[in-house]
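Below, each chain spelled out in residue letters.
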Amino acid sequence: MRELTYVARRTVEWREAPDPKLQSDREAIVAPVAATPCDVDSAILAGHGFVDPPFALGHECVARVVETGDAVTAVAPGDLVVVPWSINCGTCDRCRAGLTAHCSAVPYMAMYGAPIGGTWGGLFSDLVRVPYADAMLVPLPTGLDPVAMASASDNWSLAWRLVAPHLQARPGARVLVVARGSIGLYVCDIARALGASDVRYVDPDPEHRALAAAFGAATAASLDPLPQGFDIAVEATGRVDQLALVVKCLSPEGICESAGNHFRPGELPLLDMYLTGVTLRVARDNVRAHIPDALALAASGKVAPERVVSHVIDWEDLPTALPEKHLKPVFVRSDTWPRLPA
């Protein structure tokens, strides 16, 4: 088989690898049918990652199940499934607590798309081994488009977690979103659908702002601190200076979710945060626990994740098209899923 391999800044290529084989009766082999780069993949392609190449890239996809072990009961060959980005067993204490990104049965930080916590391959590959099929794979609900939901492995489900539980606890809250990629746009859509009274989206890109406005958000190219202006804030820029501005905008006891990948250090206004009583969470997501709820929202018709998809591109064009700067391209395998969307 082939796996798309990151080899240098703005450079990826197909490399041959052995076809994956089942190594236990709990495993599955899947073939990605619609895969998309995560926001962090854009940073990696730009040369800002912290792992040296080469390595297989990709950790967001909907796939078709090709083969399953005898003990697998949740999915069967032919099923369309969401493949979560992190490797998790589903049965250890951490997984049972919902901390699937911290599974104790595998090396720490085990994931697809980067060789940390072991080498698990990437989801821009012709075939992928899933070591804990029942725990990891989530069937795609009937009627949901694999292209629209290619990001359910990470960014879509992460966006749900960044805002949905907080809006449930604080109905009608005011939401600030400072972002540069798909996560912030998904948050705008979800926040409005779940009853936020005000959504403000900040991004220097005019096309991104136009899409956020279509989701009902007020938009701005830059952030001027608005003390006590928002109850919930989401930062997805990877820039500490932007995070510092965001936390200054929170109301007393406000909540800030930082989903940016902060590869560079910086300073935060800790005294301001202390006086306001800010809750700040900086974390990668325990995504497997949230995929079902995120898919249920997508299936409800209240949101439109397909509008964030900027391009639909043939799988064979991955080496040339992935390094290009697109908001949220989705790469489609016509050999495993015969409908290629317009």
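What follows covers the overall build of the protein chain. When helices and strands are counted, the protein chain shows 10 helices and 16 strands. Taking 20 Å as the expected radius of gyration for a compact globule of 342 residues, we find that the protein chain reaches 19 Å, a close match to that expectation. Dimensions of the protein chain along its principal axes, counting C-alpha atoms only, are 55 × 40 × 40 Å. Per-residue burial over the protein chain gives 57% buried out of 342 residues. A fraction of 67% describes how many contacts in the protein chain between residues 6 or more apart in sequence connect residues 24 or more apart. Of the accessible surface of the protein chain, which amounts to about 13,800 Å², a share of 51% is contributed by carbon and sulfur atoms.

For the rest of this paragraph, the subject is the packing of helix 4 (residues 155-169) against helix 5 (residues 182-193). Axis separation between helix 4 and helix 5 bottoms out at 8 Å; the angle between their running directions is 40 degrees. By the angle between their directions, the pair helix 4 and helix 5 is classed as oblique. For the pair helix 4 and helix 5, the sense of crossing is right-handed. On helix 5, the residues touching N155, W156, L158, A159, W160, L162, V163 and L167 of helix 4 are S182, I183, Y186, V187, I190 and A191.

Here we come to helix 6 (residues 206-214). Because an α-helix completes one turn every 3.6 residues, residues spaced three or four positions apart along the sequence face the same direction. Taken together, the buried positions of helix 6 are H208, R209, L211 and A212. Each buried residue of helix 6 sits inside an arc of 160 degrees when the element is viewed along its axis, so together they form one side. Seen from the buried face of helix 6, the exposed residues on the opposite side, beyond 90 degrees, are P206 and E207. Close packing links the buried residues of helix 6 with helix 5, strand 10 (198-202) and strand 11 (218-220). N-capping of helix 6 is provided by D205, with a side-chain oxygen placed 2.8 Å from the backbone N of E207. Phi turns positive, to about 95 degrees, at G216, one or two residues after helix 6.

The grouping of L271, Y274 and L275 at the surface amounts to a nonpolar patch, some 420 Å² of accessible area in total. As for its placement among the helices and strands, Y274 is situated in helix 8 (residues 270-276).

Here we have 6 strands laid out as an open sheet, ordered 11-10-9-12-13-14, and parallel in their pairing. Pairing within the sheet leaves two strands with one partner each, and these edge strands are strand 11 and strand 14 (279-282). Going across the sheet, the axis of each strand differs from the next one's by a mean of 15 degrees, ignoring polarity. As defined by bridge partners, strand 10 adjoins strand 11 across 3 bridges and the pair is classed as parallel. Across the sheet, V202 pairs through a bridge with A220, a residue of strand 11. Across the sheet, helix 5 touches strand 9 (174-179), strand 10 and strand 12 (230-236), and the angle it forms with strand 10 is around 170 degrees. Sheet contacts for helix 6: strand 10 and strand 11; angle to strand 11, the most-contacted strand, approximately 165 degrees.

Okay, the sheet that holds strand 1 (residues 2-8) next. Strand order in the open sheet made by the 3 strands is 2-1-4, with antiparallel pairing throughout. Every interior strand has two partners, whereas the edge strands, strand 2 (11-16) and strand 4 (55-56), have only one. Pairing analysis gives 2 bridges linking strand 1 to strand 4, with the strands arranged antiparallel. Across the sheet, the residue bridging to Y6 is F55, located in strand 4.

What follows concerns the pattern of salt bridges. Here the structure, examined in full by the defined rule, presents 11 salt bridges. For E257, the salt bridge is made with R161, and the minimal N-O distance between the two is 2.7 Å. Taken together, the residues E257 in strand 13 (residues 250-258) and R161 in helix 4 connect sequence positions 96 residues apart. When the shortest N-O distance is used, the salt bridge between D285 and R161 registers 3.0 Å. Residue D285 is located in the loop between strand 14 and helix 9 (291-299), and its partner R161 is located in helix 4; the two are separated by 124 residues in the primary sequence. Of the two residues, D285 and R161, neither departs from the other in class, the shared state being buried. One continuous salt-bridge network, built from bridges that share partners, spans R2, D126, E316 and R333.

What counts as what
Residues numbered from 1 in each chain as written. Predicted model: local features only at pLDDT ≥ 70, side-chain atom pairs only at ≥ 80, totals over all residues. Heavy atoms only, no water. Helix = DSSP H or I, 4+ residues; strand = E, 2+ residues; numbered from the N terminus. Rg over C-alpha atoms; globule rule 2.2 N^0.38 Å. Buried < 20%, exposed > 50% of the residue type's maximum accessible area, 1.4 Å probe, protein only. Contact = heavy atoms within 4.5 Å. Areas by Shrake-Rupley, 256 points an atom, 1.4 Å probe, with all protein chains shown as cover. Axes fitted to C-alpha atoms, helices over the stretch in contact; angles between N-to-C directions. Parallel < 35°, antiparallel > 145°, perpendicular 65-115°, else oblique. Left-handed = near helix turned anticlockwise from the far one by under 90°. Arc of directions from axis to C-beta. Polar contact = N/O pair within 3.5 Å; in protein donor to acceptor, adjacent residues only side chain to side chain. Patch = residues over 30% accessible without salt bridge, like charges linked within 9 Å, V, L, I, M, F, W, Y side chains within 5 Å. Salt bridge = Lys/Arg side-chain N within 4 Å of Asp/Glu carboxyl O. Pairing = 2+ DSSP bridges.

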